[in-house]
Structures are given as C-alpha cells and as structure tokens.
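# Residue-level structure breakdown
Take a look at the letters that make up each chain.
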Amino acid sequence: MRTKLSRRHFLRASALAAGSLLLGCGGGGQRTSTPTTTSSAPTTPGASPTPPEVGQAPIATPQPSGLPQSISRATPESYAGEYHEAPMLAELVKAGKLPPVEQRLPKHPYVVPHKWVQQGKYGGRLEMSYSDQEGISTFMQECMYGHSPLRWLEDGTKVGPGLVEAWESNDDASRWTLHFREGIKWSDGKPFTVDDVLFWWEDMVLNEEHPALPPDECRSGKGTLAKFKKVDDYTLMVEFDAPQPIFPELLCKYVKRGQGGDWLQPKHYLKQFHPRYNPKVGKNWVMEFDEKKDFTRNPDCPALTGWVLAEIKPLDHTLWVRNPYYWCVDRWGNQLPYIDSVRLTYVQDPQVLRLRYMQGKADYVLSIFTDLTLADVSGFKQAEDKSGMEVRFWDSGSGTGSIFFFNFDYKNKAYRDLIRNTKFRKALSHAFNRQAVQKLVYYQTGELTTGTYSPKTLELRAGSGARQVYQQWRDSAIKYDPELAKQLLDEIGVVDKDGDGWRELPDGGKLLITLDYGAPGGPEHVQKNELLSKDWKAIGINARPNPVPPNSIADRWAAGQQFSRADWEVGDSMSIWVSPQWLFPIESTKWAPLHGSWWMVRGTPEEKRQTSLDPWRRTPPRIGPEDEAFFEPIGRMWQIYDRARVEVDPVKRGRMAWDAIKIHIEEGPFIMGCVANYPRIVLVKRGLMNVPRREDLTLHGFTNPWHHPTPAVYDPETWYWDNPQEHQP
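This text gives an overview of the structure that appears in the document. (Residues numbered from 1 in each chain as written. Predicted model: local features only at pLDDT ≥ 70, side-chain atom pairs only at ≥ 80, totals over all residues. Heavy atoms only, no water.)

## Observations regarding the side chain of Ser 564
The residue Ser 564 is located in strand E20 (residues 564–565) in this model. Side-chain polar atoms of Ser 564 contact the backbone nitrogen of Asp 516, separated by 3.1 Å. Apart from the residues within four sequence positions on either side, Ser 564 is in contact with Phe 404, Phe 405, Phe 406, Asn 407, Thr 514, Leu 515, Asp 516 and Trp 557. (Helix = DSSP H or I, 4+ residues; strand = E, 2+ residues; numbered from the N terminus. Polar contact = N/O pair within 3.5 Å; in protein donor to acceptor, adjacent residues only side chain to side chain. Contact = heavy atoms within 4.5 Å.)

## Things to note about the pairing of strand E22 (residues 679–685)
Most of E22 is tucked away, with seven of its seven residues classed as buried. Here E22 shows two buried faces, one formed by Pro 679, Ile 681, Leu 683 and Lys 685 and the other by Arg 680, Val 682 and Val 684. Relative to E22, strand E15 (residues 389–395) is paired through seven bridges, and the arrangement is antiparallel. When the sheet's bridge partners are listed, Val 391 is paired in E22 with Leu 683. (Buried < 20%, exposed > 50% of the residue type's maximum accessible area, 1.4 Å probe, protein only. Pairing = 2+ DSSP bridges.)

## Some remarks on the environment of Trp 473
Take Trp 473: it is sitting in helix H16 (residues 464–475). Counting along the chain gives 193 residues from Trp 473 to Glu 666, while the straight-line C-alpha distance between them is 9.2 Å.

## Brief notes about the pattern of salt bridges
A complete count under the given rule lists 38 salt bridges for this structure. Three or more residues are tied together by salt bridges with common partners; here these are Asp 498, Asp 500, Glu 504 and Lys 510. (Salt bridge = Lys/Arg side-chain N within 4 Å of Asp/Glu carboxyl O.)

## Here's the deal with the side chain of Ser 396
Within the fold, Ser 396 resides in the loop between E15 and strand E16 (405–406). Here the side chain of Ser 396 touches Tyr 678 through a polar contact of 2.6 Å, landing on its backbone oxygen. Setting aside anything within four residues of it in sequence, one finds Ser 396 in contact with Asn 677, Tyr 678, Pro 679, Arg 680, Phe 702, Thr 703, Asn 704 and Pro 705.

## Concerning the sheet that holds strand E9 (residues 235–239)
Pairing in this open sheet of four strands is antiparallel, and the strands run E6-E7-E9-E8 from one edge to the other. One side of each edge strand has no neighbouring strand; the edge strands of this open sheet are strand E6 (164–169) and strand E8 (227–232). Taken over all neighbouring pairs, the strand axes of this sheet differ in orientation by 20 degrees on average, direction set aside. Contacting strand E7 (175–180), E8 and E9, helix H5 (residues 194–205) runs over the sheet at an angle of about 160 degrees to E8. (Axes fitted to C-alpha atoms, helices over the stretch in contact; angles between N-to-C directions.)

## Observations concerning the pairing of strand E5 (residues 158–161)
Both strand E1 (residues 72–73) and E5 contribute to a ladder of two bridges, which runs parallel. Its bridge partner lying in E5, Ser 72 is registered against Lys 158. Strand direction decides the pairing type here: strand E4 (residues 150–153) and E5, joined by four bridges, are antiparallel. Counterpart to Trp 152 in the pairing with E5 is Val 159. The turn joining E4 and E5, which pair antiparallel and follow one another in sequence, is formed by four residues; a positive phi near 50 degrees is taken by Glu 154.

## Re the packing of aromatic side chains
The relation between two aromatic rings is expressed through the spacing of the ring centres and the mutual angle of the planes. Evaluated as defined, the whole model comprises 53 aromatic pairs. A centroid spacing of 4.9 Å and a plane angle of 85 degrees characterise the contact between Phe 404 and Phe 406, whose relative ring orientation is edge-to-face. Exposure class is identical for Phe 404 and Phe 406. Each is buried. Among the aromatic residues, those joined into a ring-pair cluster are Trp 176, Trp 200, Trp 201, Phe 228, Phe 240, Phe 247 and Trp 263. Here the guanidinium or amino end of Arg 73 rests over the ring plane of Trp 167, the centre of that ring lying 3.8 Å away. Over the aromatic face of Tyr 110 sits the side chain of Arg 151, whose NZ or CZ is 4.4 Å from the ring centroid. (Phe/Tyr/Trp six-rings, centres within 6.5 Å; stacked < 30°, edge-to-face > 60°. Lys NZ or Arg CZ within 6 Å of the ring centre and 35° of its normal.)

Here it is as structure tokens:
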C-alpha cells in the first residue's frame, strides 16, 4: 500500500530539495501466465555477471552504442470532424442550460492516443471502495491527469502534451516556452488562461504568507527559482539562470493540484479568499484559502478534470460527476468521460473491504492503494463468478520490493561507524535469503535483486550498456552465502566477545539491529521483516522487527534518531534524473538524512549558521563537508549530481548516472531490496471496457511511482460499460 503517513511530508521535502520523491509502497500481486517468473535467479536474458568481491570495481566501461538517450517526445494526435457528447449533456444543450459541445471544448482538444482504446458508450456509474478515508479523495486524484501541463505516455517512455499542446526551449535549455491550449474552460465554464498559472506562482508560491513551495521543475540546475513571464493568455515563458534540461519530463510528474506542484489554480474563484484581491479577508486567510482551493473536498472549487466533486460525506463516500467542459476527446471525437459518475466508498476495516470486493461491490481495484497482497489472489480467483471481478496484473516497476536501509547519520557513533562500513552491509546482504522472500511473499514472481532503481528506469533499460549496469547493480550483493557473511563480520571485528551467542560491536558494546517500520505495517513488510531478522540471527546478529508509531518516523529519521527503515520501497522512476533522491542524498527522508538536510540549505544563509554546534543539535540537524561526521562517498556523489543537473547532453547525463551507480555497487549496498518488478493486482468488473491489460502496455505497466500516476496515465475517462443501463445508480 502506498505510504499514507509520509506522503505530505515527502512532497514538502521534495520541493525544498528541488527534487521530487517517490513514496514507499507495499502489497503485491501475482502473475498468471505471460509474465516471466523466477525462483532462484534473475530472469534477464543472457548470463548475469558473477557478483563482485568486496572492494572490486565491477563495472566495465559500456560501449558508446549502449549509452541511454533521453525520453522521447510523443507525436500528438489530432481530430478534425464533428464532436459528440453524452446524452445527458445534449439534453442540457437542448434546454438552453449548456453551450454546445463545440463551444465547451478548446480549439485543439487533447486526443487520447492509447492503442487499446475502442469507441465506447456513454452512461453508468463506476463504484470503488477503499479503507483509507483520505484515499477516497486521493485515489480519485490519481485517476485524473486533467491538471498536468504535460503527460507521460507509453509507461513513461515518452512525454506527451497535456494542457500544454506545444513547447520548446533555447539551445542551452535555460528558457522554455509553453503553449497552452486555447479555449480550455474550468468546470464552471470560465476560461482557463496563463493567469491561472501565475496566480499559483505569484500569489501562493512567492507569497511568504502561504506555505506553497516551488516544485523542482521550477528550479534551475543551480537550484535557484525560475522566472515566469506571461507572453499572452495562452503562452508562458519560464526562464532559468542555468540549464534545466529535463523540464518537460518534470512537468509530467504527479497529477498536480494536491500531488506534486499545483501549477494552476482557478483565479476567478479563489481571489475572493486572497488578501491581494480582497482586503477584507482576515489575518488567518491561509487556512480558509486552502480549504476553498481543495477541489477534492470543496464541490464549489472549479477543476479541469474529467469528473468533478459533487458530494462528500466524511467517513462514508465521495461522489464525482462528469465535467461538461472536460477538454479531452477520443479519436472518434467523443467528448470524455464516457462514464457519468464515480462513487468512492470508505470502508474502515480492510477485511470487510476484502469481503466487499469478493461480493462484487466494487467495479475496479488497484491493489497499490489497498492492503491486498499476492496471498489474496487465490481467493479472488475463486470468487470471480460471484464477484464478476476479473483478476488482472500490471507490473509494479519496483526496484527493490520491500526494502531495508540504515540511517547512515544515526546519532550513536559506534553504530554509525558500523553502518557506514561496506563489509558490514555486504555481510548482511549476503546473509539475506531473498529466495525465501520471493517464494513466501511474492509467490515466485519478479526478479531477485540487491536493491536498485526500477528496471524500467531509462538509464537501466535503454541500450546494452544500460542493461549491463543494471545487472551488475542488481547482482552486486545478491548471493545468499551465510558463510561469506560470517567471514566479513569476523574481518571487521563484529564477533561474539562475551560468549552470549550474539556478535558485539567492534568496541565490545551490545549490537542490536531493529527493523523499524510504522505500526501496524503492511503484510508484505511484516512478513519480509520476520524472514530477514531470522536470517541475521542465523549468523549471530541479534535482530528483531520493531513496529513504531508512524506519526513519529519522519521527524525522528530526519534528526538521526531513527535507526532504520524496513517498510518502504524504491519504485523510482522513468529516469534517475527525474527522481534522483535514492541515488544521491539530497533531502532528509532517504538513507543519509542529515547530509540531505545540509544539501537542502546549501547556498542559503542557513548553510553558514550554527556551524559550531554538533550536527545533531542544529536546526535542522545537518552534516556538511566540513564536519567530522561527513561521509566521504556522499561528497563524490554530490560532485556527480552537480555536473549532471546542468548537463544538456542526455548521453553524458546517462554516463554520470552510471558513475554514481558504480559507487553504490562498490561501496554499498546503501539500500537493501529483495524482489524487483513484482506484479500488482488489478480487479476489473466484467463489462468495464478500455481498461488496459498487461500486454497492452509498453512496459507492461509501471504502477508504483507517484511520478507515473496510475491509473491516470491510462485515461480512465475512456473507460465505459458495455451495457451502461445495468450500471445506473
């Protein structure tokens, strides 16, 4: 299940760090026929290289032909002909209550390009249920891409148009021009223009009273803020003081307006709640303003999505109805969406929710937003006749499965020194029986891994060199060899000094590894943690799973007080440079939080403040290059990252990514995974059409990253019922 607790914290940190974050995921799924499975070895074609010995330099220089290129730009589709609309809207037009469809659509509507989409039928309701109160709104956001300037297409292998129909840059990518579609209207019929973008930027992000923060696409490679310039109502120029070469890719991330940078807000509606336009608002205007702008909780707030909120009842349900001004059509000229309304029901008890699914009281389920795991597949298969729900699978794209990683900035020096010892971490990795986890948790799906970025990431999949780098990273400490693990521990003095049966710290102090996770924990993580702690106990390391209050994890982690994380996952991303935080410590939620916090204030007045204090007593706690506690490999990673951020040549950026990965291979693992790219369960009611199957998708799906918002990337507005009359409310 996608981590609810830290989502907002992570999104806030991403803006501060000028880098976007992927949230942790749990759960799982089971493949049925076409997907390749493994039991004891990875399934990538060709022989996998032998895992390197500790200290060896494993990466051979890839051939130039194997260098990754950039994510390609999709060719947009167009439509020239008569437009069509839902019968319920045609009746309103006939009654004079709504303008004709030609006047409601922009001059050039977005044409959904997916190859699997068939011409559909209008009508009916889609029923969904989730056990997360926030999720009944959050999941609906993840279903709709209507607020995004640009869009991922073909599982993140291409950048396509969205609100922006065309874009270009100068030679060094320091100035980008965005051409928005002329004639787009908000759900209340008011025009959308560049003024709505500038309202977000000037009156929220640049307003010191408002907490909105700039997303990373609005910073240059030096980390400084962009300048926004209105050219006309539909043209925006974004200028940087240094190259921002991946600006289009960054504009695709998230669905916007609540997930990722907002990028736009309805100025005509919200200005009445803003002091710049209404001096009568009170001093505490921000709270009311933020409540009013939340289109997932305020039915009066206009939106640009296919469905808009009509009704919300906390702890019960939300109801979304078609937006008559939605600016997208299919290739037959049908204004979308096909389905009239969507109802999301809140069910508190996950077991009751499972029962509802098995009884067919939902029409679509994506397991990443639930506690469903592979263990549920058999039951859903048996219930298919009763529930009418077909069990399908999309690839997760995970690079790790359930993860474990230490806090490299843990306050206790004896533990911190051991954590930073490469042989210690490699010993623990070689003691990990990943095959057992693959069998018991992931049901022999996916591929065994030391822990990497997603195998679907551009720099790890595009070209022979990329695959070579991926395989060596994946296999670098994957071998299950308890005897080698014991040998490595003996070499660094982690031995049983007092005869109690447990190994001690090198200085003789007691050693206990806690596998910390937010209580109560998803089934996938809990089961993996039990297996992992058992493996470590088998080599003499005292280890135990440790559930902790979830609300305390983020702050304790950033302060160096939390020892480990054992309930997360690396699913990032379409490109390493779109989501660099697992490779480079540049914010405070990953494996070196105090180093990340220093990076976040680098170049600001905060960098030079409190330098005489102990790093753990600073505000925020942070470790920089001048501190005794600085971890030298991070300095080399930062040097690579600094160069890559302003490098316009994608081939050179790809090689820089490989240089950083080499550090992870030789001196890692910094993160410890188990099974990559396992499947996610997708339940689809019979008769619900245009929901893609795994074989329809370019990379067979890529569900886990928030950056690649699933199912929004597959345009649920095109889904339809084969018999809408059977699905009326």
